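These are the residues of each chain, in order.
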Amino acid sequence: MILYDFTPVGNVGPDDFYTEERGFGFIAGQIMEKQPRLMLPELNGGFLPVPWYRLPEPEEIIQTEYGCKLLHKDPEAAVSDGETSPVSGRKRQIPLRFKCHVPAEGSYRVHVTIRSDEPLSDIRIFAGRRCLGAYRETLLPGETLTRDLYTEVCGIIPRGQKKAYHDSCIEVAVTADRPMLNRIEIEPLCCPVLYIAGDSTVTDQSAEYPYAPETSYAGWGQMLPSLLGGELTVSNHSHSGLTTESFRQEGHAEIVFRRCKPGDYMIFQFGHNDQKLMHLKAREGYMANLENYINECRLLGVHPLLVTPVARNTWRGSDGQYNDLLQDYADACLDIGARMSVPVLDLHRLSVEFIVRLQKENAKKYFYPSDYTHHNDFGARKMAEMICAEIRRTCTEGDYLRLASQTEDSPLSWPEPSFVEPLRKPEGFVSENESPEWEEPERPSDPLLRAEALDMIIRRAGFFITNVYNDLFPDIVGHEWYAGAVECGLQNGIVTGELCENGLFHPLEAITLLDFIVFLMRAYGSRKTLPDGLLSPYDTCVSQNLRPLVSAACQLGVLSGEGTDALDKTLSRKQGSDICRKLKIM
């Protein structure tokens, strides 16, 4: 057994920050950027500080007779415009994070003890890749909170990487109004593993801090451990943008099929990205790939389960009725299950019923703000509860019955979510990663593609690329490098429908000067005030709603005031870069 005691007589002090050489220690914002692996959420606890939070005084940990705690500071001081104001009596929180090495990959029981000399509230305990292990509403002074967390240490291919990273660490994170740790005990286990294969709605999403569960992306897979009551670990290999095909092509399937053993379980939930590719239609490639995965599981003695794709919060504008975009894929799963005798957890049906019951506006509380596909922590927890209910309904025989016995049928309730604005970058903040000099692009004479142009403009405006994609354009697949830039453009009003012919973004087509100017002026307008919309020599060439943007470009010197620029010409990479260099946004 590995023991970490955080009291004055123990073996961990408040100044023991993590290093590879030490092999254990606290994780704080001031040390993360000095160790590159700490900036990969999949290899850590999945909490990343917003960039401007690194500017104030760093987190301070103190030690009391009960253990180590994060000194209670108001995170509001780190964020401008009051966006950390109380939410239902609860403020944004800074996690107390502890990371340690373990001897080898495998299954572990992590016994966590929390005691305090003052009352604690809104307590969440996470293990591994921000996987929820426990929740407690309040803890009184002197009272002891203990929880057994079951976690799987396993190599993974991080998002955006092409190789698997070996993992030999466990991280425990506590969020509360005054996060505290008294003792952590770790011991290896021999138990079944539940592997998960899926997309962004399932994956272990990272969270920004100062943390609020309403404004954190979350997949239901990372909420599942809090609802499992026995010796069973979860190993989640889902990723944003994955399809039934790319899960294999990118190497994730190889990891899980190499590691799994007889008696383990494997859950598959895909569909959100498959539906964007013609060869992965519900009754074609999608169905064939799932059938192949089921056969591979059975050859290895692993018990497969299918999950119908979780529903989006999508409604028709014409009649206000729910718009089901995934029923074909749910039906395909149900047919496979009936034909191959595989349990099918009908999350699609339950999540549709949940959304329709709440209706569009109330359902938004369970999704990340301005997103209709990806849940926040509250929504992901609801979906995980539905998964457990479906496991108990469908897993009634043989080895599947053991899985059903591990699920909690009456989980502890959470507080109701509130509407909370996501954190925004303070006016005038410039990230350390934003070079004051605009660099020359590679391949300067090549055509500038629309996806490249948007990425260039977003960087010039100082926006941050988001980690997920909200599926607005059917020709954008979530795992492509530019998906996050497109989502960032959508969220910040840079990309709108009128420049997207037939509802498509056309990411790999060369961009015209007009489209580039429109994207650029909208980005400028999000940071500064655009000049008044005066008449311009281009007014007869563009639609009325775009004239103010074109006029602003003329007044800012981006377009010729003589009307000599050809708006329909395509740009080279150098030409786009030169325009961005000319216009100072930040």
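Coordinates for the structure precede this section.
Since the structure is predicted, the reported quantities are computational estimates derived from the model, not experimental observations.

Here's the deal with the pattern of salt bridges
- For the coordinates displayed, the defined rule picks out 33 salt bridges.
- Note that arginine 178 and glutamate 118 form a salt bridge whose closest N and O atoms lie 3.4 Å from each other. Note that arginine 178 is positioned in the loop between strand E11 (169-175) and strand E12 (180-181) and glutamate 118 in the loop between strand E7 (106-115) and strand E8 (120-127), a separation of 60 residues in sequence.
- In this structure arginine 178 comes out as partly exposed when scored by relative accessible area, which is 23%.
- For aspartate 578, the salt bridge goes to lysine 574, with nearest N and O atoms at 2.9 Å. With a gap of 4 residues between them, aspartate 578 and lysine 574 both fall in helix H14 (residues 573-582), about one helical turn apart.
- Take lysine 574: its relative accessible area is 37%, and that puts it in the partly exposed class.

With respect to the sheet that holds strand E17 (residues 265-269)
- Pairing within the open sheet is parallel, and its 5 strands lie in the order E16-E14-E17-E18-E19. Single-partner strands in this sheet number two, and they are strand E16 (233-236) and strand E19 (344-345).
- In this structure, strand E14 (residues 193-198) lies alongside E17, joined through 5 bridges in parallel fashion. Note on E17: the bridge partner recorded for glycine 198 is glutamine 269.
- Strands E17 and strand E18 (303-307) of the sheet are contacted by helix H5 (residues 282-299), whose axis makes an angle of about 155° with E18.
- Lying on the sheet, helix H6 (residues 327-340) is in contact with E18 and E19; it crosses E18 at an angle near 150°.

Description of the packing of H5 against H6
- Viewed as axis vectors pointing N to C, H5 and H6 meet at an angle of 40°, and their least axial separation amounts to 10 Å. Judged by the angle between their axes, H5 and H6 are oblique. Like other packed secondary-structure pairs, H5 and H6 cross with a definite hand, here right-handed. On the side of H5, the interface is formed by Ala282, Arg283, Tyr286, Met287, Leu290, Glu291, Ile294, Asn295 and Arg298, while H6 contributes Asp328, Tyr329, Asp331, Ala332, Cys333, Asp335, Ile336, Arg339 and Met340.
- Residue composition of the contact of H5 with H6, by class: 10 nonpolar, 1 polar and 7 charged.

Overview of the pairing of strand E4 (residues 61-64)
- Pairing between E4 and strand E5 (residues 67-70): 4 bridges, direction antiparallel. Residue pairing in the sheet places glutamine 63 in a bridge with cysteine 68 of E5.

Procedures and definitions
- Residues numbered from 1 in each chain as written.
- Predicted model: local features only at pLDDT ≥ 70, side-chain atom pairs only at ≥ 80, totals over all residues.
- Heavy atoms only, no water.
- Salt bridge = Lys/Arg side-chain N within 4 Å of Asp/Glu carboxyl O.
- Helix = DSSP H or I, 4+ residues; strand = E, 2+ residues; numbered from the N terminus.
- Buried < 20%, exposed > 50% of the residue type's maximum accessible area, 1.4 Å probe, protein only.
- Pairing = 2+ DSSP bridges.
- Contact = heavy atoms within 4.5 Å.
- Axes fitted to C-alpha atoms, helices over the stretch in contact; angles between N-to-C directions.
- Parallel < 35°, antiparallel > 145°, perpendicular 65-115°, else oblique.
- Left-handed = near helix turned anticlockwise from the far one by under 90°.
- Nonpolar A, V, L, I, M, F, W, Y, C, P; charged D, E, K, R; others polar.

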